[in-house]
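# Geometric and topological summary
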Amino acid sequence: QDLASKADAMPDVVALVYLLNPYSILCCVGMSTIVVDHIFISIALLAALRGQPLRATIALALSLYLSPYFLILLPPVCLLLRRAAGVGSFVSVVGTLLWLVLFLLLSFAAMRSWDFLAVYRFVFLVPDLAPNVGLFWYFFSEMFAHFKPFFLFLFHYHVILFPIPLAIRVGYRPLFTA
């Protein structure tokens, strides 16, 4: 009885720990948009766990629309959907990409221009090396120009190489890959 009541209260405890975490509070006070990213990632993982492929692919596509780095969550979501709903990985990937294309086309329709894609170009090419809060600008301004492509790969793209081998190795525990 006592153990069962503790297990029933666990979701509330986890929610309180997350909501009362000083980092979460400071993100809200600082009006950071990372909270929106976390919402879509959480919805995608929860929907994949519950076997809801439509909701999972839409939420993952929205997180990819906001930040292309969340491409690394595609293999875990595919594995979770295959386990929970029996949906093939190809269908999950194509569904996510179709939703992403739809969101990009909606942005084009709203702005009547493809200029919003400059955000993604800036993230991946780092053309502006003006001083800011991060360390990238300092690192890239101090190195030789011919090393820039290598370090761009090292800082941005190498993360994309990890999910597939990790999904192959720990595919029986899909949440480990997330």
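Here the structure is a predicted model, which is why all the values come from computation and not from measurement.

## Quick notes on helix H9 (residues 148-157)
Taken together, the buried positions of H9 are Phe 151, Leu 152 and His 156. Buried residues in H9, looked at end-on, bunch into an arc of 110°, giving them a common side. Of the surrounding elements, those touching the buried residues of H9 are helix H7 (118-125) and helix H8 (136-142).

## A closer look at the nonpolar core
Counting 23 residues, the largest nonpolar core has Ala 48, Ala 56, Leu 60, Val 77 and Leu 81 as the members making the most contacts within it. Every element with two or more residues in this core is listed here: helix H3 (34-49), helix H4 (53-66), helix H5 (74-85) and helix H6 (89-111). Residues contacting Val 77, with those up to four places away along its chain left out, are Leu 45, Ala 48, Ala 56 and Leu 60. With five residues, the next largest nonpolar core counts Val 126, Phe 140, Met 143 and Leu 152 among its residues.

## Notes on the packing of H3 against H4
If you want to describe how two helices pack, look at the angle between their axes and the distance between the axes. Two numbers describe how H3 lies on H4: the axes approach to 8 Å, and their chain directions differ by 155°. When the axis of H3 is compared with that of H4, the two are roughly antiparallel. Considering how the two elements wind past one another, H3 and H4 form a crossing that is left-handed. The segment H3 lies against H4, with Val 36, Asp 37, Phe 40, Ile 41, Ile 43, Ala 44, Ala 47 and Ala 48 engaging Arg 55, Ala 56, Ala 59, Leu 60, Leu 62, Ser 63 and Leu 66. Here the contact of H3 with H4 is built from residues that sort into twelve nonpolar, one polar and two charged.

## Focus: unusual backbone geometry
Of note in the backbone geometry, Arg 112 takes a positive phi value of approximately 60° without being a glycine. By the element assignment, Arg 112 lies in the loop between H6 and H7. A relative accessible area of 69% means that Arg 112 is categorised as exposed.

## As for a nonpolar patch on the surface
On the surface, a nonpolar cluster with roughly 630 Å² of combined accessible area is contributed by Leu 16, Tyr 18, Leu 19, Leu 20, Ile 25 and Val 29. Sorting elements by how many residues they give to the nonpolar patch places helix H1 (residues 2-19) first, with three residues. The topology assignment puts Leu 19 in helix H1. The exposure class of Leu 19 is exposed, given its relative accessible area of 55%.

Analysis parameters
- Position numbers for residues count from 1 along each chain, tracking the sequence in the order it is written.
- For a predicted model such as this one, the threshold for reporting local features is a pLDDT of at least 70, and the threshold for listing and counting side-chain atom pairs is 80 or more; totals across whole chains, interfaces and linings nevertheless cover every residue.
- The basis for every side-chain value is the complete set of heavy atoms in the structure, and neither hydrogens nor water enter the calculation.
- The rule is simple: take the accessible area with a 1.4 Å probe, protein chains only, and divide by the maximum for that residue type; under 20% is buried, over 50% is exposed, in between is partly exposed.
- Here a helix means four or more residues in a row that DSSP labels H or I, a strand means two or more in a row labelled E, and each is numbered from the N terminus.
- What the arc measures is the spread of directions leading from the helix axis to the C-beta atoms.
- Note on definitions: a residue-residue contact is assigned when non-hydrogen atoms from the two residues lie within 4.5 Å.
- Side-chain atoms within 4.5 Å are what join buried Ala, Val, Leu, Ile, Met, Phe, Trp, Tyr and Cys residues into a set we call a nonpolar core.
- Lines are fitted to the C-alpha atoms to define the axes, a helix being fitted only along its stretch in contact, and any angle between axes, read from their N-to-C directions, falls within 0 to 180 degrees.
- An angle counts as roughly parallel when it lies under 35 degrees, as roughly antiparallel when it exceeds 145, as roughly perpendicular when it falls between 65 and 115, and as oblique in every other case.
- The hand of a helix crossing depends on one turn: near helix anticlockwise from the far one by less than a right angle means left-handed, and clockwise means right-handed.
- For this classification, Asp, Glu, Lys and Arg are treated as charged, while Ala, Val, Leu, Ile, Met, Phe, Trp, Tyr, Cys and Pro are nonpolar and the rest, including Gly, are polar.
- A patch consists of residues whose relative accessible area exceeds 30% and which take part in no salt bridge; residues with like charges are grouped when within 9 Å of each other, and nonpolar side chains (Val, Leu, Ile, Met, Phe, Trp, Tyr) when within 5 Å.
- Here, Shrake-Rupley sampling with a 1.4 Å probe gives the accessible areas, and only protein chains in the shown set may cover a residue.
- The rule for a salt bridge is simple: a side-chain nitrogen of Lys or Arg has to be within 4 Å of a carboxyl oxygen of Asp or Glu.

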